[in-house]
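Residue-level structural notes
The lines below spell out each chain.
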Amino acid sequence: MNTVNIIRLEFPSKSVNEAFARTAAAAFALQLDPTMEELGDIKTAVSEAVTNAIVHAYPDTIGQIGMKLRILEKNTLEITVRDWGRGIENVDEAMKPLYTTGGEERSGMGFTIMQSFMDTLRVRSSSGKGTTVVMRRTIRARISGK
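Okay, the sheet that holds strand β2 (residues 64-72) next. As summarised here, the arrangement of the five strands in space is β1-β2-β3-β5-β4, forming an open sheet in which the pairing is antiparallel. Edge strands, defined here as strands with exactly one partner in the open sheet, are β1 (3-12) and β4 (120-126). Each neighbouring strand pair of the sheet contributes to a mean axis angle of 10°, computed without reference to strand direction. Across eight bridges, the pairing between strand β3 (residues 76-83) and strand β5 (residues 130-138) is antiparallel. Bridged to L77 within β5 is R137. Helix α1 (residues 16-29) contacts β1, β2 and β3 of the sheet and is inclined by roughly 170° relative to β1.

In structure tokens:
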């Protein structure tokens, strides 16, 4: 699919920046005229992806998180969240509901939540090199005036 619009952001893996990432993604998605429900889904998925990077990629240090937002043809929003942290040893295992490496306070539902709110979710990771999460959501075109 061809890119219609694109923006790239990079920020430190501080928990305060999760809200910034959610807001930036929502503001960018507004050009597709999403419903409030669609906007909420996008914000939730971004929150989960960024929180995963903060908690799991950089558990003992502050690192960098990159976020790329693209509007593609056919009203499709693509969100890429990338870190250069410790990576995921077994992506298939990590994507199972309730799996976590973050201790008892983590639910292990991050990838499951992302999958439920987005149309597609791809996760690539290399141990010691980081993780890239790519999510897509098509926003339904609304009829003007209704």
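Taken residue by residue, helix α4 (residues 110-117) has G110, F111 and M114 as its buried positions. Viewed along the axis of α4, the buried residues span an arc of 95°, placing them on a single side of the element. Among the structural elements, α2 (36-57), α3 (91-94), β4 and β5 are those in contact with the buried residues of α4.

Another point: the environment of A24. Its location among the elements puts A24 in helix α1. Residue classification places A24 among the buried positions, given a relative accessible area of 18%. In sequence terms A24 and V46 are 22 residues apart; their C-alpha atoms lie 9.8 Å from each other. Filtering out sequence-adjacent residues up to four positions away, A24 remains in contact with L9, M67 and L69.

So, about the pairing of β4. Here β4 pairs with β5 via seven bridges, running antiparallel. Across the sheet, residue L121 finds its bridge partner in β5, namely M135. Where β4 folds back on β5, the antiparallel hairpin that results is connected by three residues, among which G128 adopts a positive phi of roughly 85°.

Thresholds, definitions, all that
- Residues numbered from 1 in each chain as written.
- Predicted model: local features only at pLDDT ≥ 70, side-chain atom pairs only at ≥ 80, totals over all residues.
- Heavy atoms only, no water.
- Pairing = 2+ DSSP bridges.
- Helix = DSSP H or I, 4+ residues; strand = E, 2+ residues; numbered from the N terminus.
- Axes fitted to C-alpha atoms, helices over the stretch in contact; angles between N-to-C directions.
- Contact = heavy atoms within 4.5 Å.
- Buried < 20%, exposed > 50% of the residue type's maximum accessible area, 1.4 Å probe, protein only.
- Arc of directions from axis to C-beta.

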